[in-house]
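# Architecture and fold: a report
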Amino acid sequence: MNKYKVSYISLGCPKNQVDCEILIQKLVSAGFEEVDLIEDADVVIVNTCGFIDIAKQESINEILEVAEYKKAGLISAIVVTGCLAERYQDEIIKEIPEVDAVAGIGANNDIVKICQKALCGITTSIFPNKCYLPLNEERLVSTPSHWAYLKLSDGCDNKCSYCAIPLIRGEYRERTMESILDEARQLVNSGVKELILIAQDTTKYGIKLYNEYKLPSLLKELCKIDGLEWIRLYYCYPDKVTDELIDVIATEEKICKYIDIPLQHCNKDILKAMNRSGSYEELKELINKMRSRIPELAIRTTFLVGFPGETEEQFEELCGFVKEMKFDNMGCFAFSAEEGTPAAEMKNQIDEDVKAKRAEIITDIQFSITEALNKKRFGKVYKTIISEPCTDGYIGRSYFYSPEIDCEIIIETDEQLEIGSFYDVRITDYNGYDLIGELV
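For the structure given in this document, a descriptive report is provided here. (Residues numbered from 1 in each chain as written. Predicted model: local features only at pLDDT ≥ 70, side-chain atom pairs only at ≥ 80, totals over all residues. Heavy atoms only, no water.)

### Comments concerning the overall build of the chain
We apply this condition: Under the DSSP-based scheme used, a helix requires at least four consecutive residues in state H or I and a strand at least two consecutive residues in state E, with every element numbered from the N terminus. Here the globule rule reads 2.2 Å times residues to the power 0.38, and the radius of gyration is calculated from C-alpha atoms. For each residue, the accessible area found with a 1.4 Å probe, counting protein chains only, is set against the maximum for its type, and the residue is called buried under 20%, exposed over 50%, and partly exposed in between. Should any heavy atoms of two residues lie within 4.5 Å, those residues are considered in contact. To measure how exposed things are, a 1.4 Å probe is used in the Shrake-Rupley method; for residues, cover is taken only from the protein chains shown.
Counting its regular elements, the chain contains 13 helices and 19 strands. Its C-alpha radius of gyration of 22 Å places the chain within 12% of the 22 Å reference for a compact globule of 440 residues. On the principal axes, the C-alpha backbone points of the chain span a range of 60 × 60 × 45 Å. Considering the chain as a whole, with its 440 residues, one finds that 56% of them fall into the buried category. A sequence separation of at least 24 residues applies to 73% of the contacts in the chain between residues at least 6 apart. Carbon together with sulfur atoms contributes 47% to the accessible area of the chain, which is approximately 18900 Å² in total.

Rendered as structure tokens:
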């Protein structure tokens, strides 16, 4: 009897990607064969994102595209999982009849049974409690062999007024430090050299199981793993970036001098309305402290513009903040009114065109900052990990670039380089956001 073949599309954040890696491993362990191409599969899993309007639309478009394969008789079944599935439990099958199963994130343990039913023509809609989402099971890593995500926790209790994540993913829950370290060792033994720590809020790690922030302690233990060369931090909330965490980043060589810290805004009234803390001066003080104690620190951040009631003056304050702080990498999103969140019901909603224009302005400011930063890197030599070959040589990253979301270094060379290995690269030029370099 031939194996059933499964293909998948995973959308959204790295946390969702790790969930999908666990799903696929469960199927492979049960005898399914993973294939790359949709048309080669019997069942296709679409692991969706439902965070904001743009992400939801992308997820819907992907489901509709896969539905065309089923209409053409190229595949037998479609299973929709992830955040959009969790959020719109009834609408998906109702609106897209080609979908055979919709599974909430708490149903991930049941993925084998769900797919088997779908292949038998049985329509399934299953939504167990979110607490059943597996956090630390075996996974089929989908990133390149030299780097991987390491998930510390799931869910969120922060309750930012614009965010639907607590509604979708449920309350905050975290893994034991032992399980995280065990998985890290397994990943490194398989060839991973760079681990990217992820959660809804990595800086909160430890508060649930240990009644204290344990991220600094976890980082120290990870640094002891032989063969691990880089550790990178995502999603650090500014109000939990402690002096202890700053000191660990500064002193541990394996920790990239890089931090992803989503600030969202700088105006204290907007931040208060977002149910977040801070102000222009407080955030500026934190950033300056981090930079003074961690030389060459690269900061990635995210801003949300067009929040209900955001005045032109408050937006201009944000523009000034971005210009003054000169972040290494930045993302900017227009506010999306997500049903079920307090912000969606607030008065003084901003016009869509105004929100889009504000996001464009912030992005243009950041491009000028990036250009200036790139020029300052001319002539400097950086330890660089090789990602893949390209027309002019190879593409790589130094510590200040994270995979998939940041820029890249184009290394012009005729030499044969090893993917996943480190080389010293001197920066010679730039092209837009990307740097150009040569081997030293």
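From this point, the discussion proceeds with the structure in view.
### Quick notes on unusual backbone geometry
Backbone geometry at Y235 places phi at a positive 55 degrees, although glycine is not the residue there. Summarising the element assignment, Y235 is placed in the loop between β11 (230–233) and α9 (243–251). Of note in this structure, N275 is not a glycine but carries a positive phi near 65 degrees. Here N275 shows up in the loop between α10 (268–273) and α11 (280–293).

### What to know about the sheet that holds strand β16 (residues 393–397)
So the rule is basically this: Here, strands pair whenever DSSP counts at least two bridges between them. Convention adopted: a line fitted to C-alpha atoms gives each axis, helices being fitted over their contacting stretch, and angles between N-to-C directions are expressed from 0 to 180 degrees.
Within the closed barrel, the five strands sit side by side as β15-β16-β17-β19-β18. Their pairing is mixed. Averaged over all neighbouring strand pairs, the angle between strand axes comes to 50 degrees, with direction disregarded. Relative to strand β17 (residues 409–412), β16 runs antiparallel, the two being bridged by four bridges. Residue pairing for β17: G396 is matched across the bridge by I409.

### A word on the pattern of salt bridges
Quick reminder of the rule: Just to be clear on terms, a salt bridge is a Lys or Arg side-chain nitrogen sitting within 4 Å of an Asp or Glu carboxyl oxygen.
Under the defined criterion, the tally for this structure stands at 35 salt bridges. Residues participating in the shared-partner salt-bridge network are D19, K151, D154, R169 and R173.

### With respect to the sheet that holds strand β14 (residues 329–334)
Within the open sheet, the six strands sit side by side as β7-β10-β11-β12-β13-β14. Their pairing is parallel. Strand pairing shows two members of the sheet lacking a second neighbour, β7 (147–151) and β14, which therefore form its edges. Strand-to-strand twist across the sheet, computed as the mean angle between neighbouring axes with direction ignored, equals 15 degrees. Pairing between strand β10 (residues 194–198) and β11: four bridges, direction parallel. Paired with L195 across the bridge in β11 is I231. Along the sheet face, α9 touches β11 and β12 (255–260) and points at about 135 degrees away from the line of β12.

### Some details on the layout of surface pockets
Note the threshold: The way it works is a 1 Å grid over only the protein atoms, where trapped points that fit a 1.4 Å probe form a cavity and open points with protein on both sides within 12 Å along at least five of seven lines form a pocket, and then any residue with an atom within 4 Å of a point lines it. Grid points are joined across faces, edges and corners, and a volume is the space filled by probe spheres set on the points. Polarity classes work like this: nonpolar for Ala, Val, Leu, Ile, Met, Phe, Trp, Tyr, Cys and Pro, charged for Asp, Glu, Lys and Arg, and polar for all others, with Gly in that last group.
Roughly 1300 Å³ of volume is contained in the largest pocket. In terms of lining residues, the largest pocket is bounded by 46 residues, among which C13, F51, Y235, T302 and F333 are the most central. Listing elements by their share of the lining of the largest pocket, those giving two or more residues are α1 (14–29), α2 (53–71), α6 (165–169), β13 (298–305) and β14. By residue number, the principal contributor to the lining of the largest pocket is α1, which donates four residues. Among the residues making up the lining of the largest pocket, the classes are represented as 25 nonpolar, twelve polar and nine charged. Roughly 290 Å³ of volume is contained in the second largest pocket. If you go around the second largest pocket, you meet 14 residues; those closest to its centre are E296, L297, D328, L373 and R377. In terms of residue class, the lining of the second largest pocket is built from seven nonpolar, no polar and seven charged.

The analysis is restricted to geometry; functional conclusions fall outside its scope.
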